[in-house]
Each structure stands twice: as C-alpha cells, then as structure tokens.
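Structure assessment
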Amino acid sequence: IDLQFETMAGAADVVPFLATGDLDLAVGAIAVGLFNAFDRGLDIRIIAPAGIMTLEDSPLPLVVRKDLYDSGEIRTAADLRGHRVGVNTRGGSVEYVLDKILTSAGLTIQDVEQVPIPFPDMPAALANGSLDAAIPAEPFATRSVDLGVGHKLITTVIPGQMTTCIIASGKFLRERPDTAQRFILAYMRATRDIQPPQLGTFDPERFYKPEHLAIFEKYTGAPAQVLRNQVPYTWDVDLVIQADSLMDQQLTHMRNGLLQIAQPVPYERMVDETFVRYAQQTMGRLRQ
C-alpha cells in the first residue's frame with residue numbers, strides 16, 4: 001500500500017473530505033463533530049480503534065497548578081468546583097475525560113469553567129495563573145511537571161477505553177475493500193510490534209526499539225528524548241471496537257448539551273466491523 005499523508009487540525013476538518021471520498025482514512029478523536037456527522041448520515045464509518053487509555057499512568061492526566069496543590073486548595077477532584085480547567089477543545093475526548101473525573105467526585109461539567117486552549121499552551125497558562133488545572137495530552141503534561149508549574153493529580157482516567165479511532169470513507173470501503181482489508185491487517189501487525197497483549201499496558205523495551213523510535217521521529221517531528229519523556233498511548237492488539245465506550249461518549253455529550261440530536265445514533269450506523277473481523281480471523285486473537 002502506497003500511503004500519502006495529509007495533515008489536518010482535527011477530526012472535524014477531516015470528516016467532510018472522508019464523506020466525499022477525497023480522503024480514504026483518518027485517525028480522529030471520538031467527539032461531538034463525529035457524532036453529528038453520523039446523525040446527518042454522512043458516508044463515513046469507524047473501522048478500528050486507535051488510542052487506548054492506559055490502565056494507570058494516563059497520557060491525559062488531570063494536572064493542577066503546583067501552588068494550588070502545595071497550598072492544599074486543590075487536593076481532590078471535588079476541589080475543582082468553581083475553578084478554571086483547560087481543555088483543548090469543547091466536545092472532544094478531553095471533555096469526556098473531564099466529565100468522568102468530575103462525576104466520580106460528585107460534580108458535573110457545569111461545576112467548573114472550561115477554558116479551550118491548545119495543548120502546547122497549557123504549561124504556560126498554568127505558570128501564569130490563567131488556568132487552575134488542565135488536561136494536557138503528553139508530552140505537555142510531563143512538561144508542566146518538569147517546569148515545576150503543575151502536579152499530576154489524577155492519573156488513572158477511563159482505563160482501557162478507546163478515545164480515538166480509524167475513520168474510513170464509505171466510498172473507499174465500497175470501491176477498494178481489498179485495500180481496506182490489507183490496511184487493517186498491516187495495522188494489526190504494527191500494534192503487535194509495539195504493544196503487549198494486555199489492554200492498556202505499555203512495554204518500554206518494545207515501544208522504544210531503535211527502529212520504532214526512528215519511525216516515530218520521522219512522522220511526529222519530535223526527537224527521541226521528547227518521545228521517551230512522556231506517557232504514551234496504548235493500542236489494542238485485537239482491534240476490538242468498544243461499543244459500550246463509543247455509546248457512552250455519545251450519551252455523555254448529549255447529557256452535557258453539546259451534542260444536540262434527537263436520538264442517539266445507533267452503533268450499527270457508525271461502525272463497520274468487517275475489516276477488524278478479517279484481521280482477527282487472519283492473524284488470530286491474542287486475548288480471549
């Protein structure tokens with residue numbers, strides 16, 4: 001397969017190109033824009049999971065300002081009431097993570113002031129006091145700690161859940177199903193090269209092999225040391241699309257008022273499991 005990469009800001013920008021067939025595949029966050037696209041009947045489908053949250057040290061931790069932690073003002077998620085919390089965008093997987101953190105403490109998303117801010121700007125916003133807390137993706141969470149401006153307060157967040165996915169153009173799946181099969185088969189092989197079988201776990205020796213680091217550096221533009229100084233996402237070696245997680249994320253955004261649709265979009269209208277089933281049958285499943 002000869003891949004041609006196109007860089008875009010996020011899933012919301014990618015979806016129109018997938019729907020028209022101008023793009024074949026994308027890795028995107030499970031977010032309000034994606035559910036709206038399904039509700040409108042756009043010609044796209046989720047065909048595989050992508051990032052899986054780790055069981056313990058999350059790549060999307062809740063980081064609080066170190067001075068607020070040291071003073072005792074914010075020591076638990078319940079202490080976030082009335083505070084300013086940075087998220088990269090409204091209605092995305094980060095807001096879903098924040099909702100789960102707050103719900104576990106008896107709060108709701110309305111109990112905090114969400115501040116949309118790009119991940120790279122979060123450490124500086126914590127440093128200058130414009131944020132009280134944030135959910136920065138790695139490497140910016142670790143950078144906040146290294147700079148002495150942040151403290152990782154909650155690092156176990158929706159363990160083992162799918163937060164991003166592989167989205168395909170319906171036109172691509174209909175016209176070139178063989179290519180889609182081979183792509184997902186290659187994707188499964190790649191996950192097994194870097195990922196232990198257990199869901200949500202991480203093997204540094206396997207992940208940071210020189211040949212893997214060279215690939216990561218080439219396509220992310222980040223140097224090896226930066227890649228090592230962060231908590232990585234994990235993947236599912238069996239590529240199981242998590243129906244419960246997908247539906248819960250949809251219902252959470254509906255409850256919070258950002259996803260305004262009459263009824264939840266059924267799972268079957270969003271997902272095509274044909275290709276992961278082919279890969280599972282071809283390579284076998286590593287987990288039972």
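Everything below is about the structure shown above.
Residues numbered from 1 in each chain as written. Predicted model: local features only at pLDDT ≥ 70, side-chain atom pairs only at ≥ 80, totals over all residues. Heavy atoms only, no water.

**Quick word on the sheet that holds strand S2 (residues 44-49)**
Reading across from one edge, S1-S8-S2 is the order of the three strands in this open sheet, with antiparallel pairing throughout. Of all the strands in the sheet, just strand S1 (25-29) and S2 have a single pairing partner and so form its edges. Direction aside, neighbouring strands of the sheet carry axes that sit 40 degrees apart on average. (Pairing = 2+ DSSP bridges. Helix = DSSP H or I, 4+ residues; strand = E, 2+ residues; numbered from the N terminus. Axes fitted to C-alpha atoms, helices over the stretch in contact; angles between N-to-C directions.)

**Remarks on the pairing of S1**
The alternating pattern of S1 places Ala-26 and Gly-28 on a buried face, while none of Leu-25, Val-27 and Ala-29, on the opposite face, is buried. Looking at chain direction, S1 and strand S8 (residues 164-169) are connected through five bridges and run antiparallel. Following the sheet pairing, Val-27 is matched in S8 by Ile-166. (Buried < 20%, exposed > 50% of the residue type's maximum accessible area, 1.4 Å probe, protein only.)

**A closer look at unusual backbone geometry**
The step from Glu-138 to Pro-139 runs through a cis peptide bond, and the omega angle for that step is 10 degrees. Position of Pro-139 among the secondary structure elements: in the loop between strand S6 (133-134) and helix H6 (140-146). One non-glycine residue, Ile-158, lies in the positive phi region at around 35 degrees. Positionally, Ile-158 belongs in the loop between strand S7 (150-154) and S8. On the basis of relative accessible area, Ile-158 is assigned to the buried category, the value being 9%. The phi dihedral of Leu-239 falls on the positive side, at around 55 degrees, and the residue is not glycine. Within the secondary structure, Leu-239 is located in the loop between helix H11 (224-228) and helix H12 (243-255). Residue classification places Leu-239 among the buried residues on the basis of a relative accessible area of 1%.

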